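So the chains spell out like this:
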Amino acid sequence: MKLLAVATVLILLGFSAPARAACTGSDVTWLCTAGTTIAEINAAIAGSGDGATITMASGSYSWSSSLVFSTDKSTTLMCASTGSCVVTVGGPLWQWVNWGSSGKLYRISGFDFNDVPSYFIWLYATGSSTATLTSIRIDHNRFTVSNNGSDIITFGEVTGQST
């Protein structure tokens, strides 16, 4: 009898494993669970169609690498309920460096970003490269910086230019 009870408990524990965070969807509609990683979001962006909205569930996130938006499709990354996606960050969220030009819309909306480092969103071209982005919308977000004097959103760079 005790052996049957132990086996039953072990079976029940095996079926109660926690759900894994991930993104699901297709074409222009994607949903991501709380805890989804940047790698999983980038996979959703890569698998999405032009004009996609990737909606993040309310909850906590920890992101330490950058988003990779495509130059050939508009993408919106938004929280399901403004301010209810709390993101602790460990580096730049989005860097667009020498990726060329795009007229597509790139939108980040509704997040509460914590421990934001300098150059959290940095869009620039270096040297003789050019980059023109005409449709960027960063709205309804809250940024809590990790140190005084942080540049949260930076457009452009003017270093290493000869006169």
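So, here's what we can say about the structure.

### Here we look at the nonpolar core
- In terms of nonpolar packing, the biggest core is built from 30 residues, with Ile-41, Met-56, Trp-63, Leu-67, Ile-108, Phe-111 and Phe-113 touching the most fellow members.
- No other element matches the four residues that helix 2 (residues 38-47) contributes to this core.
- With sequence-adjacent residues up to four places away left out, Met-56 is seen in contact with Cys-32, Thr-36, Ile-41, Tyr-61, Trp-63, Leu-77, Met-78, Cys-79, Ala-80, Cys-85 and Phe-111.

### With respect to the side chain of Asp-139
- Considering the arrangement of structural elements, one finds Asp-139 in strand 10 (residues 133-139).
- Among the residues examined, Asp-139 registers a relative accessible area of 10% and is labelled buried.

### Notes on the state of the cysteines
- For the structure on display, the rule yields two disulfides.
- Across the disulfide, Cys-23 is cross-linked to Cys-32 (sulfur-sulfur distance 2.0 Å). Judged by the torsion about the S-S bond (105 degrees), the Cys-23/Cys-32 disulfide is right-handed.
- Overall, the relative accessible area of 16% leaves Cys-23 in the buried class.
- The partner cysteine of Cys-79 in its disulfide is Cys-85, sulfur to sulfur 2.2 Å. Because the torsion about its S-S bond is 85 degrees, the bridge between Cys-79 and Cys-85 counts as right-handed.
- Here Cys-85 falls in the buried class, since its relative accessible area comes to 0%.

Parameters and conventions
- Residues numbered from 1 in each chain as written.
- Predicted model: local features only at pLDDT ≥ 70, side-chain atom pairs only at ≥ 80, totals over all residues.
- Heavy atoms only, no water.
- Core = buried A, V, L, I, M, F, W, Y, C linked by side-chain atoms within 4.5 Å.
- Buried < 20%, exposed > 50% of the residue type's maximum accessible area, 1.4 Å probe, protein only.
- Helix = DSSP H or I, 4+ residues; strand = E, 2+ residues; numbered from the N terminus.
- Contact = heavy atoms within 4.5 Å.
- Disulfide = S-S within 2.5 Å.

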